[in-house]
Amino acid sequence: MPNTSPVLSVSDLCLTLGERTIFTSADLTVNAGESLAILGPSGSGKSSLLSVILGLISPTSGQVVIDGTALTDLRGDALANLRASAVGMVFQFGEILPELTPAENVALPALLNPRPDALDPYERAASLLETLGVVTTAPTAHLSGGERQRVAVARALINAPRLILADEPTGALDEKTRDQVASILFELPVSHHCGLLTVTHDLNVASRADRIVQIVDGRLQVRDELA
Ligand SMILES: Nc1ncnc2c1ncn2[C@@H]1O[C@H](COP(=O)(O)OP(=O)(O)OP(=O)(O)O)[C@@H](O)[C@H]1O
């Protein structure tokens, strides 16, 4: 019987930045094996919500629990360790380092967060890149947008996180490549038994998620259909 316990629980979260209330009383849960898409217009607070879930900004009130640990109670090294071991992040433009090879980019989080029980980071990186169909011999600077996003997905997976967060992961891609990268992303909850939370403007991408939540006037609302 698969473990479908929450890998992310957000409860009664409020965030005020300056004079502005970005969101209030926000609740959401992502279980292992499940995907959730967050939709919302520009400026509605999607990236701010991800920043709170990553522990990059502190909420005004409320709690974020990742894989059973209250991230909002942690500071310093304890926060960084939870983020490094339990969360993988995919950004809109990949944010991979052109000076490093694809395998070095993917191995980097494992080299920075070594686990004595794990395989060699470079072996794991090569295996992930092969699975995701990236030619590891090509210089990073020569990779296409879709290949860069595959490298970014492999890097997000290197520490076997319980939760993958993605901020507009297909926003910089053409339609065909978007669909390929979206397919890879939305297979992850099942293939890697993690939770996936993705922020997107794109209804095509959101429609692949198990559940869709929309930010409307600072509130999270479940969206049942994509009319
Ligand atoms: N430090 C800050 N002080 C005040 N307001 C801020 C601060 N940081 C962000 N904001 C505001 O918070 C709001 C939400 O920003 P956020 O980037 O989370 O939106 P978003 O939904 O991700 O937008 P987009 O889709 O355009 O990326 C914006 O109106 C932004 O101007």
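Just so it is clear, the structure is predicted and the values come from calculations on it, not from any experiment. (Residues numbered from 1 in each chain as written. Predicted model: local features only at pLDDT ≥ 70, side-chain atom pairs only at ≥ 80, totals over all residues. Heavy atoms only, no water.)

All right, on to the pairing of strand β7 (residues 163-167) then. For β7, a buried count of five out of five residues is recorded, marking the element as mostly surrounded by other parts of the structure. A two-sided burial pattern is seen for β7, the buried positions comprising L163, L165 and D167 on one face and I164 and A166 on the other. The pairing of strand β6 (residues 87-90) with β7 spans four bridges and is classified as parallel. Along β7, the bridge assignment pairs G88 with I164. As defined by bridge partners, β7 adjoins strand β8 (residues 195-199) across five bridges and the pair is classed as parallel. Paired with L165 across the strands is L197, a residue of β8. The handedness of the β7 to β8 crossover, carried by helix α6 (residues 175-191), is right-handed. (Buried < 20%, exposed > 50% of the residue type's maximum accessible area, 1.4 Å probe, protein only. Helix = DSSP H or I, 4+ residues; strand = E, 2+ residues; numbered from the N terminus. Pairing = 2+ DSSP bridges. Right-handed = clockwise from strand over helix to strand, strands pointing away.)

Using the criterion set out here, one finds four salt bridges in the structure. Each member of the salt-bridge network shares a partner with another, and the members are R178, D179 and D202. (Salt bridge = Lys/Arg side-chain N within 4 Å of Asp/Glu carboxyl O.)

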